[in-house]
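A closer look at the structure
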Amino acid sequence: ALTVTPPGRALLARNVSREGAIELARSFNQIMRDMRLVEGDKILSVNCSIGIAMFPEDGDDFDGLLQKADVAMYNAKDAGRNTWRFFNDQMNQQAHEHLLLQNRLHQALFRSEFHLDYQPQLEIGSGRVVGVEALLRWNHRELGEVVPARFIPVAEDSGLIVPIGAWVLRRACAEAVAWPEVRVAVNVSPAQFKSRDDLVE
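The residue numbering used here restarts from 1 in each chain and proceeds along that chain's sequence as written. Where totals are concerned, whole chains, interfaces and linings use all residues; where local detail is concerned, this predicted model gives features only for residues with pLDDT of at least 70, and gives and counts side-chain atom pairs only at 80 or more. The side-chain numbers reported here are obtained from all heavy atoms of the structure, hydrogens and water having been left aside.

What makes a salt bridge here is a side-chain nitrogen of Lys or Arg within 4 Å of a carboxyl oxygen of Asp or Glu, nothing more. Inspection of every chain in the model, using the stated rule, returns six salt bridges. Residue Arg26 is joined to Glu23 by a salt bridge in which the shortest nitrogen-to-oxygen separation is 2.9 Å. In this pair, Arg26 and Glu23 are both assigned in helix H1 (residues 18-34), three residues apart and thus about one turn of the helix distant. The closest approach of N and O atoms between Arg137 and Asp117, which form a salt bridge, is 3.7 Å. Here the residue Arg137 occupies a position in strand E8 (residues 129-140), and Asp117 occupies one in strand E7 (residues 114-122), the gap between them amounting to 20 residues. Each residue is placed in one exposure class: buried if its accessible area under a 1.4 Å probe, protein chains only, is under 20% of its type's maximum, exposed if it is over 50%, and partly exposed if it falls in between. The partly exposed category is assigned to Arg137, whose relative accessible area is 22%. Under the DSSP-based scheme used, a helix requires at least four consecutive residues in state H or I and a strand at least two consecutive residues in state E, with every element numbered from the N terminus.

We now examine the nonpolar core. Formed by 19 residues in total, the largest nonpolar core has its most connected members in Leu105, Phe114, Leu116, Leu136, Trp138, Phe151 and Ile164. Within the residue set of this core, elements represented by two or more residues are helix H3 (89-111), E7, E8, helix H4 (148-158) and helix H5 (161-176). Residue contributions to this core peak at six residues, all from H5. Non-local contacts of Ile164, meaning those with residues more than four positions away in its chain, are made with Leu105, Leu109, Phe114, Leu136 and Ala155. Think of a nonpolar core as a cluster: buried Ala, Val, Leu, Ile, Met, Phe, Trp, Tyr and Cys residues, connected wherever their side-chain atoms sit within 4.5 Å. If you look at the next biggest cluster of nonpolar residues, it comprises nine residues, including Ala25, Val46, Ile52 and Met54. What makes two residues a contact is simply this: any of their non-hydrogen atoms within 4.5 Å.

Here we come to the pairing of E8. Across the twelve residues that make up E8, a large majority, nine, are buried. Here a strand pair is declared whenever DSSP counts at least two bridges between the two strands. Across nine bridges, E7 lies against E8 in antiparallel orientation. Opposite His115, over in E8, you have Arg137 as the bridge partner. Linking two consecutive strands that pair antiparallel, namely E7 and E8, is a turn of six residues; a positive phi of about 75° is found at Gly127 within it. Both E8 and strand E10 (residues 183-186) contribute to a ladder of four bridges, which runs parallel. From the neighbouring strand, Glu133 faces E10, where its bridge partner is Ala185. Once E8 ends, the chain turns through three residues before running back antiparallel as strand E9 (residues 144-146).

Here we come to unusual backbone geometry. Between Phe55 and the following residue, Pro56, the backbone shows a cis peptide bond with an omega angle of 5°. Mapped onto the elements of the fold, Pro56 is located in the loop between strand E5 (49-52) and helix H2 (62-78). At Ser112, a position not held by glycine, the phi torsion is positive, near 55°. For Ser112, a relative accessible area of 63% gives the class exposed.

Here we take up the packing of H3 against H4. Helices that pack against each other are described as a pair by the angle of their axes relative to one another and the distance between those axes. Think of each axis as a best-fit line through the C-alpha atoms, taken over the contacting stretch in the case of a helix, with angles from 0 to 180 degrees between the N-to-C directions. The contact between H3 and H4 brings their axes to 10 Å, and the two run at 85°. As far as their axial angle goes, H4 and H3 are roughly perpendicular. Contacts between H3 and H4 involve His98, Leu101, Gln102 and Leu105 from the former and Arg150, Phe151, Val154, Ala155, Asp157 and Ser158 from the latter. Throughout this entry, Asp, Glu, Lys and Arg are counted as charged residues, while Ala, Val, Leu, Ile, Met, Phe, Trp, Tyr, Cys and Pro are counted as nonpolar. The remaining residues, Gly among them, count as polar. For the contact of H3 with H4, the class distribution of residues is five nonpolar, three polar and two charged. Each angle gets one of four labels, with under 35 degrees taken as roughly parallel, over 145 as roughly antiparallel, 65 to 115 as roughly perpendicular, and the rest as oblique.

Quick look at the packing of H2 against H3 now. At a minimum axis separation of 10 Å, H2 and H3 run at an interaxial angle of 80°. Compared by their axis directions, H2 and H3 come out roughly perpendicular. Between H2 and H3, the contacting residues are Val71, Ala72 and Asn75 on the first element and Met91, Asn92, Gln94 and Ala95 on the second. Tallied by class, residues from the contact of H2 with H3 come to four nonpolar, three polar and no charged.

Below, the structure written as structure tokens:
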């Protein structure tokens, strides 16, 4: 089974070896590279990411193969898109950990596990603090301090970055009242610009 995005369709190829699956993936990628979509006066290039699961190594029914090919497809997207990946057990473990971390992130908002650290910005000549940058930190009850490099991508992928980002803005504004002469910088996700109510209150 192969899953491809776009358009997110599944293909079941019978009696195809691992080498044959690679050839199919290469053909799909070449077709997509050669494809051009015209929208008005704009020409858009198309690429795709492909996940591959093999019968019977990865499963013995279509639904199971499709699920694992889907996991491999997202792994291909993370690898830079316009490529393909075969499913393996490590991907399954990564997908499980990703979902588990996503659930814990959702709970973190209600459990008040987030806090902000502030990185000072200094004026070189005088050494005076002229600004600070608000940095999100997560102290999980069981995992301890979770580094941003681990949880920010999960928040971005799941859409949780929007409510988390809104919390950061509110908290930074509330705490900035104590430093009237200091500028406070906050990193904003592109996803937050799609929800303007979170940026302007």
